[in-house]
Amino acid sequence: MNLKEHKEKAISSGISLGFMVPGLIMILLGNVRVNGLILSCIVIGMLGHFVALKRSLGELDISFQIQSGNSRYGGVLLLKLFFWFCGKENREIVQIALADLKRDKREMKCEGRGFWFVKAVILWRTLATIIPIIWDGSVRIVKAILPFAKYFKG
Amino acid sequence: MKILSPTETQLLSIVSTNELSGRDVAKSFKEETGSSISYGTLYTTFRRLKEQGWVNTRDDEDEDGRVRFFKITGHGQSALREARKFYNSIANFGLQGATA
């Protein structure tokens, strides 16, 4: 991130904290009724929070060296988000798959494929990457639980 | 010994001669079988094969990120032989009587 982006993130985080949090605390404590002023505070705070979150998502690529240009391809961003829900072993797989998708994307660009074609293919391949990982994880959980199932019979 | 699934057999066959990266394995798989394999299926299958001790992995890095290379082990070679024998016996089941 450059200096401008850091400033934007700091300002949006400040707005988020300065508006949304006091508004919510007041409502939670029950000291004041929800009126227009508090509601607008919360809305402004949420907007600030959204911008701050967007900036934070931009920072996700620090761990696997993906340039921000890739965020144009929704599939890559989806895989980046999935990365944070995975365990250590699956994170390795996601990192390798991300690098492979990046190579696929470059290859398709070299072949002269259109932007939307590349986007659709990457999104499809991302989903085809995520689903088997979830399936494999689920099967492992079931396999781990099955030996204990006999104790609950009868 | 556990019998390999058809996908496991195909993937082991691909890495039985050379050490290949996951992406190259996916390309070879498409050339050999005519159907594509997703990276998720490929890497989770290879993880299972590695847990059984049938493949070795080596990680490397280039400008795009991590690359994982796969190579069959000695145990993998014998498991592949067993699997091929098993699938051949299924394919030839009942054919001896029909040709006689």
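The structure we're discussing is the one just above.
Below is a summary of the structure that appears in this document.

Quick notes on the rules
Residues numbered from 1 in each chain as written. Chains lettered and ligands numbered in written order. Predicted model: local features only at pLDDT ≥ 70, side-chain atom pairs only at ≥ 80, totals over all residues. Heavy atoms only, no water. Salt bridge = Lys/Arg side-chain N within 4 Å of Asp/Glu carboxyl O. Helix = DSSP H or I, 4+ residues; strand = E, 2+ residues; numbered from the N terminus. Buried < 20%, exposed > 50% of the residue type's maximum accessible area, 1.4 Å probe, protein only. Phe/Tyr/Trp six-rings, centres within 6.5 Å; stacked < 30°, edge-to-face > 60°. Lys NZ or Arg CZ within 6 Å of the ring centre and 35° of its normal. Axes fitted to C-alpha atoms, helices over the stretch in contact; angles between N-to-C directions. Parallel < 35°, antiparallel > 145°, perpendicular 65-115°, else oblique. Left-handed = near helix turned anticlockwise from the far one by under 90°. Contact = heavy atoms within 4.5 Å. Nonpolar A, V, L, I, M, F, W, Y, C, P; charged D, E, K, R; others polar. Core = buried A, V, L, I, M, F, W, Y, C linked by side-chain atoms within 4.5 Å.

Counted according to the given criterion, the structure contains 21 salt bridges over all chains. Here aspartate 136 of chain A and arginine 47 of chain B are joined by a salt bridge, their closest N and O atoms 2.5 Å apart. Linking aspartate 136 of chain A in helix α5 (residues 115-149) with arginine 47 of chain B in helix α3 (residues 39-51), this pair reaches from one chain into another. As far as burial versus exposure is concerned, aspartate 136 of chain A and arginine 47 of chain B are alike and both buried. For aspartate 136 of chain A, the salt bridge is made with arginine 48 of chain B, and the minimal N-O distance between the two is 3.1 Å. Note that aspartate 136 of chain A is positioned in helix α5 and arginine 48 of chain B in helix α3, a pairing that runs across two chains. The class of arginine 48 of chain B is partly exposed, set by a relative accessible area of 30%. Connected through salt bridges with shared partners, the residues Glu89, Asp136 and Arg140 of chain A together with Glu8, Arg47, Arg48 and Glu51 of chain B form a single ionic network.

For the structure on display, the rule yields 6 aromatic pairs over all chains. With 4.0 Å between their ring centres and 10° between their planes, phenylalanine 46 of chain B and phenylalanine 70 of chain B make a pair best called stacked. Linking phenylalanine 46 of chain B in helix α3 with phenylalanine 70 of chain B in strand β3 (residues 65-72), this pair joins segments that are 24 residues apart in sequence. Assigned by exposure class, phenylalanine 46 of chain B and phenylalanine 70 of chain B land together as buried. Ring plane angle 70° and centroid distance 5.3 Å describe the contact between phenylalanine 86 of chain B and tyrosine 87 of chain B, whose orientation is recorded as edge-to-face. The partly exposed category is assigned to phenylalanine 86 of chain B, whose relative accessible area is 34%. Given a relative accessible area of 27%, tyrosine 87 of chain B falls into the partly exposed group. One aromatic cluster in this structure is built from Tyr39, Tyr43, Phe46 and Phe70 of chain B. Against the face of phenylalanine 83 of chain A rests arginine 91 of chain A, its NZ or CZ located 4.9 Å from the ring centre.

All names here are of chain B. In contact at an axis separation of 10 Å, helix α2 (residues 22-33) and α3 are set at 110° when each is read in the N-to-C sense. It follows from the interaxial angle that α2 and α3 lie roughly perpendicular. Once α2 is placed against α3, the crossing between them reads as right-handed. Of α3, the residues touching α2 (which contributes Gly22, Arg23, Val25 and Ala26) are Tyr39, Leu42, Tyr43 and Phe46. Across the contact of α2 with α3, the residue classes break down as 6 nonpolar, 1 polar and 1 charged.

Further remarks concern the nonpolar core. In this structure, Leu79 and Val94 of chain A together with Leu12, Val15, Val25, Leu42 and Phe46 of chain B are the most contacted members of the largest nonpolar core, which totals 39 residues. Counting residues per element, the ones that place at least two in this core are α3 (74-83), α4 (88-110) and α5 of chain A together with α1 (6-14), α2, α3, β3 and α4 (74-91) of chain B. Looking at this core, the element that brings in the most residues is α4 of chain A, giving 7 residues. Leaving out residues up to four positions away in the same chain, valine 25 of chain B has contacts with Leu11, Ile14, Val15, Leu20, Leu42 and Phe46 of chain B.

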